[in-house]
Amino acid sequence: MTTTRTTCPYCGVGCGVSATVTGARSVEIKGDAAHPANGGRLCSKGTHLGETVGLGGRLLTPKMYGEEASWDATLDAVAKGFADTIAEHGPDSVAFYVSGQLLTEDYYVANKLMKGFIGSSNIDTNSRLCMASAVAAHNRAFGEDVVPCNYEDLEAADLIVLVGSNTAWCHPIVWQRIEAARAARGTKLVVVDPRRTETAEGADLHLAIRPDGDIALFNGLLAAMRDRGLVDEDYLAAHVDVPEGFWEQIGAANVAEQSGVSPEALAQFIELFAAHPRTVTLFSQGANQSVCGTDKGNAIVNLHLATGRIGKAGMGPFSITGQPNAMGGREVGGLASMLAVHMGFSAEERDRCQRFWDSPTMVQGPGMKAVDMFRAVHDGRIKAIWIMATNPAVSMPDAGFVREALEKCPLVVVSDVMASTDTAAYAHIHLPALAWAEKDGTVTNSERMISRQRRFFDAPGEARADWDIIADVGRRMGHARAFAWPNAAAVFREYCAQTAFENNGARKLDLSAWAELSDADYDALKPMRWGGPSPFADKRFTTPSGRARMMAVQPPAAPVADPAYPFRLNTSRYRDHWHTMTRTALSPRLSQHRREPLVEVHPQDAAALGIEDGGLARVTTAQGEAVFRVALSEGQRPGELCVPMHWTDQISAGGRANRLPNQNADPVSGQPGFKNSAAAIEPVTPEWTGFLVTRDQPALHDIAYWTLVRQRSGWLTELAGFGEPDIAALLPPGARIEAIDAVRGARRYAVLGEDGRLAAALFLTRSGKLPPRDWIAGQLDAEDAAHGPALLAGRPAQLPPDRGAIICVCFDVGMKTILHAIADQNLTSVEAVGSALNAGTNCGSCRPAIKSLLQEQRETVSAA
Ligand code: SF4
């Protein structure tokens, strides 16, 4: 058994992972104790990576027009398709849509091919959807996309302000570091978020702002600091350009009203901020995914520049990225709005880049950002697109429009690890890429830490590394010398050399120290952070003047009310799922925390509309509609809804959230505003509901609502519909037992396979209750499985207690089990719950939820 040190492929925290291979495709996963980002900790997603490395569903051979083909024929077709399109329609008629899942080496090769050899900047990345506004804010304020902080600053801070970040769910190891700092030194925590999330539950102060109320809030806070004499005038005079009339323009009137927080809460925030100079303001997708996301970023940066809270330990504005290598893509230049290695498109920069690459066809200016790129595909300006490691048919806003665009596009090439994705359905050419466990390269996390991702499984089938596939196409397009790297290490050296080329201190991104690494040194590379712990400690910014820039940003106008769409719709992410679930849905454990996509509704709104907790509801916008399970939540502001972005057509009918937002984007960054759409909601009352457990993945057609959840030994499908369900289509062949209750309209079926074991069970009802799913799903692999009347009764002779929704996926502990233990054993702390039930004692991702349950119980007791 060998152990490989690699990096988690999910979020931008960038945790180190120790992977010990235990079989052909099995691996034991642990946190890498030596990695500075996580010190051995992993969240639930990282902990269960081992459940996602099988070969089920993988694409293992290239395909052209649905037929398997050789790499030679396929890559010839890609190269010819792109070359012919460019020859006939020019370089801007083609595009690459890439991903924060790619490694830095992949990004580098794709960027070089598009900008230096095709001669277009039409390469953009799904990171555009994630943090492009933070990039734009950094560029405006600092002259370069530099993140000023690192994770140790969170431990040195006295006050942490989280803006638009459900850190406990989306960056759980950063959250654990924050919690540890709070326990050790009493760090204060303020959470700015319209929703009372598990993160907000644990804060000293939660500011439930109205959507896009951030700019008013931070402008107001800055004005208050000035009124109190807390602006660092010396720092401003020496190091920051403040535009003429700045203080008049930011305005500070009506802050509470414009931001949506109460005057009392605002006053508390001002007191906390004034009292704690060592402040880190961490912001994430909730701030960035907005039509004014860049201004939000600058409102936060303004505050830190004006108070001199930057460039010192424990302070600074800290944008945290969603994806594992969003930062690597930004560094390389994988955004259409950047050239390469933090350079823009000035004549001098283009010339420098062209000489470094020795390229024949240098791009002239920025290209199309993601939303515009798919608009151009839709209207025929782009005629060939290569999509790598991402699923825009699900993840883009107004995703139905993206599907129409791909349907019309003459050439769609998709590189992916999975055979069936919503986007792959539109591919003319489908290329098998290596997955996480098979890839070699580097990623950069949110704190500028570059870490190695190392392979521990051999390449399966004919899958190849993304950089290698792109380089091969570059050679076939006539650029043999420029795309001739022997390995990923050689690509990395060239990238590092480019950051250093004629840099002379003009850009903080300078990796010259690694430009001569040997292959062996690259293999052994330890995590390293560029820019040092605090890149602005020298008080020098990479603007032409060397001074930072404050930006006079204004709150946006309130959206025009539309009676047809009276709600504001937010989109969010779940603790145990990642993006479009192509990997996390492979894990039975990760699939238990949230089995269905939920629309969270305030009880007051639900009551007014006849929407019931646990029922179904249709959310509609001008772009489309989707159906979700209802979860009533006091944590929602009245008049606002929230749905998760993860579900796809592969695992649900109609649960895709990103078909709902419109294409409006931030005018500076091009980042779409996913989190504030006009929407309507109405109850859906199906004629029947039910569920199906099956050993094999079922085929599901013409059913109004279904969601598919992987179980330890099969699948669980939630169902609802109208008319007569087609039982024969739902059940696999085999000996069938049935029980019909005509009075309640209940029908129950069990199917035995040829081996005599349970192959499927279907429970349907028109008016009654359905039995608990867990016991029935467990019969698929139970030693003494119930098959007959006991199964159709939906319960064993000895009914096990109902555990409720699973909170701790590591130890399979449900909410009701925890609540009972708290009440019966008088448990008062997360540690006590851990001792009693094990819950929360492994990865720790469920600790915030346990804390909330303890609080809930305390409130229940005191109310009684
Ligand atoms: Fe992976 Fe979780 Fe660490 Fe993010 S916090 S890198 S998902 S283990």
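Residues numbered from 1 in each chain as written. Predicted model: local features only at pLDDT ≥ 70, side-chain atom pairs only at ≥ 80, totals over all residues. Heavy atoms only, no water.

Draft legend 1. The overall build of the protein, seen in detail. Tallying secondary structure elements over the protein gives 30 helices and 34 strands in all. For the protein, the spread of C-alpha atoms along the principal axes amounts to about 80 × 70 × 55 Å. Buried residues in the protein amount to 63% of all 864 residues. For the protein, the proportion of contacts with a sequence separation of at least 24, taken over those separated by at least 6, is 71%. Carbon and sulfur atoms make up 50% of the accessible area of the protein, which amounts to about 30500 Å² in all. Once the 83 positive and 98 negative side-chain charges of the protein are each reduced to a mean point, those two points are 2 Å apart. (Helix = DSSP H or I, 4+ residues; strand = E, 2+ residues; numbered from the N terminus. Buried < 20%, exposed > 50% of the residue type's maximum accessible area, 1.4 Å probe, protein only. Contact = heavy atoms within 4.5 Å. Areas by Shrake-Rupley, 256 points an atom, 1.4 Å probe, with all protein chains shown as cover. Lys, Arg positive; Asp, Glu negative; His and termini not counted. Charge placed at Lys NZ, Arg CZ, Asp CG, Glu CD.)

Draft legend 2. Inspection of the site of the ligand at higher detail. Every residue close to the ligand is listed here: Cys 8, Tyr 10, Cys 11, Val 13, Gly 14, Cys 15, Leu 42, Cys 43, Lys 45, Gly 46, Pro 172 and Ile 173. Tallied by class, residues from the shell around the ligand come to nine nonpolar, two polar and one charged. (Near = heavy atom within 4 Å. Nonpolar A, V, L, I, M, F, W, Y, C, P; charged D, E, K, R; others polar.)

Draft legend 3. Layout of the pairing of strand β30 (residues 735–741). Across seven bridges, the pairing between β30 and strand β31 (residues 746–752) is antiparallel. Along β31, the bridge assignment pairs Arg 736 with Val 751. Here β30 folds back onto β31 in antiparallel fashion, the turn holding four residues, of which Gly 745 has a positive phi close to 65 degrees. (Pairing = 2+ DSSP bridges.)

Draft legend 4. Seen up close, the packing of aromatic side chains. All chains considered together, the criterion is met by 24 aromatic pairs. A centroid spacing of 6.4 Å and a plane angle of 75 degrees characterise the contact between Tyr 108 and Trp 485, whose relative ring orientation is edge-to-face. Linking Tyr 108 in helix α3 (residues 104–118) with Trp 485 in the loop between α21 (466–476) and α22 (488–500), this pair joins segments that are 377 residues apart in sequence. The buried category is assigned to Tyr 108, whose relative accessible area is 1%. Under the relative-accessibility criterion, Trp 485 is labelled buried at 10%. Their ring planes at 75 degrees and their centres at 6.5 Å tell us that Phe 269 and Phe 273 sit as a pair that is edge-to-face. Of the two residues, Phe 269 and Phe 273 are both situated in helix α13 (residues 263–275); the distance of four residues between them amounts to about one turn of the helix. (Phe/Tyr/Trp six-rings, centres within 6.5 Å; stacked < 30°, edge-to-face > 60°.)

Draft legend 5. Looking closely at the domain arrangement of the protein. For the protein, the assigned domains read domain 1 (3–52), domain 2 (63–130 + 326–517), domain 3 (132–319), domain 4 (567–684), domain 5 (688–793) and domain 6 (806–863). Here the C-alpha centroids of domain 1 and domain 4 sit 30 Å apart. It is Tyr 10, Lys 45 and Glu 51 in domain 1 that bury the most area against domain 4; as a group they hold 56% of the surface buried on that side. Here domain 1 is connected to domain 4 by one salt bridge. (Domains from an automatic or database assignment. Buried area = accessible area lost by both parts, 1.4 Å probe. Salt bridge = Lys/Arg side-chain N within 4 Å of Asp/Glu carboxyl O.)

Draft legend 6. A look at the environment of Ala 617. Mapped onto the elements, Ala 617 comes out in strand β23 (residues 616–620). With a relative accessible area of 0%, Ala 617 lands in the buried category. For Ala 617 and Ala 405, which are 212 residues apart along the polypeptide, the C-alpha to C-alpha distance reads 29 Å.

Draft legend 7. Inspection of the side chain of Arg 177 at higher detail. Tracing the chain through its elements places Arg 177 in helix α7 (residues 172–185). Classification of Arg 177 as buried rests on a relative accessible area of 5%. Setting aside anything within four residues of it in sequence, one finds Arg 177 in contact with Pro 36, Ala 37, Asn 38, Arg 41, Tyr 151, Glu 152 and Glu 155.

Draft legend 8. Examining helix α30 (residues 847–863) more closely. Spanning 17 residues, α30 covers 24 Å between terminal C-alpha atoms, matching the ideal 24 Å at 1.5 Å per step. All of the buried residues along α30 are Pro 848, Ala 849, Ile 850, Ser 852, Leu 853, Leu 854 and Gln 857. Those residues of α30 hidden inside the fold are in contact with α6 (167–170), α7, α8 (198–201), β33 (806–808), α28 (815–825) and α29 (830–837). (Expected span 1.5 Å × (residues − 1).)

Draft legend 9. Focus on the pattern of salt bridges. In this structure the tally under the stated criterion is 64 salt bridges. For Asp 538, the salt bridge is made with Arg 540, and the minimal N-O distance between the two is 3.8 Å. Looking at Asp 538, the relative accessible area reads 46%, which means it is partly exposed. Glu 724 is paired through a salt bridge with Arg 747; the nearest N and O atoms lie 2.8 Å apart.

Draft legend 10. Spotlight on the sheet that holds strand β9 (residues 188–192). Here five strands make up an open sheet; going across it, the order is β10-β9-β8-β12-β13 and the pairing parallel. Strands at the two margins of the open sheet, each flanked by one partner only, are β10 (205–207) and β13 (316–319). Averaged over all neighbouring strand pairs, the angle between strand axes comes to 15 degrees, with direction disregarded. Taken strand by strand, helix α15 (residues 293–306) contacts β8 (159–163), β12 (279–283) and β13, and its axis lies near 170 degrees from that of β12. (Axes fitted to C-alpha atoms, helices over the stretch in contact; angles between N-to-C directions.)

Draft legend 11. Spatial organisation of the side chain of Asp 32. In this fold, Asp 32 is placed in the loop between β3 (26–31) and α1 (44–47). With residues up to four places along the chain from it excluded, the contact list for Asp 32 reads Arg 5, Gly 16, Val 17, Ser 18, Asn 38, Gly 39 and Gly 40.

Draft legend 12. Focus on the nonpolar core. Among the nonpolar cores identified, the biggest contains 124 residues, and Phe 82, Phe 96, Phe 218, Trp 386 and Phe 492 are the most heavily contacted of them. Of all the elements, α3 adds the most residues to this core, at eight residues. Looking at which domains feed residues into this core, each of domain 2 (63–130 + 326–517) and domain 3 (132–319) gives three or more. Residues contacting Trp 386, with those up to four places away along its chain left out, are Val 78, Phe 82, Ala 95, Phe 96, Tyr 97, Val 413, Ser 415, Leu 431, Ile 469, Ile 470 and Val 473. Counting residues in hydrophobic clusters, the runner-up holds 67 residues, among them Cys 149, Leu 730, Leu 731 and Leu 762. (Core = buried A, V, L, I, M, F, W, Y, C linked by side-chain atoms within 4.5 Å.)

Draft legend 13. Fine view of the packing of helix α18 (residues 370–378) against helix α20 (residues 399–408). The geometry of α18 relative to α20 is characterised by a closest axis approach of 8 Å and an angle of 45 degrees between their N-to-C directions. The angle between the axes of α18 and α20 places the two elements in the oblique class. For the pair α18 and α20, the crossing hand works out as left-handed. Packed against α18, whose contacting residues are Phe 374, Arg 375, Val 377 and His 378, the element α20 presents Phe 401, Val 402, Glu 404, Ala 405, Leu 406 and Lys 408 at the interface. By residue class, the composition of the contact of α18 with α20 is six nonpolar, one polar and three charged. (Parallel < 35°, antiparallel > 145°, perpendicular 65-115°, else oblique. Left-handed = near helix turned anticlockwise from the far one by under 90°.)

Draft legend 14. Layout of the pairing of strand β25 (residues 640–644). Of all five residues making up β25, five are buried, and the element is well covered by its neighbours. Of the two faces of β25, the one lined by Glu 640, Cys 642 and Pro 644 and the one lined by Leu 641 and Val 643 are each fully buried. Judged from the five bridges that link them, strand β21 (residues 567–572) and β25 form a sheet pairing that is parallel. Its bridge partner lying in β25, Ser 572 is registered against Pro 644. One ladder, built from two bridges, connects strand β22 (residues 598–601) with β25; its direction is antiparallel. Bridged to Glu 600 within β25 is Cys 642.

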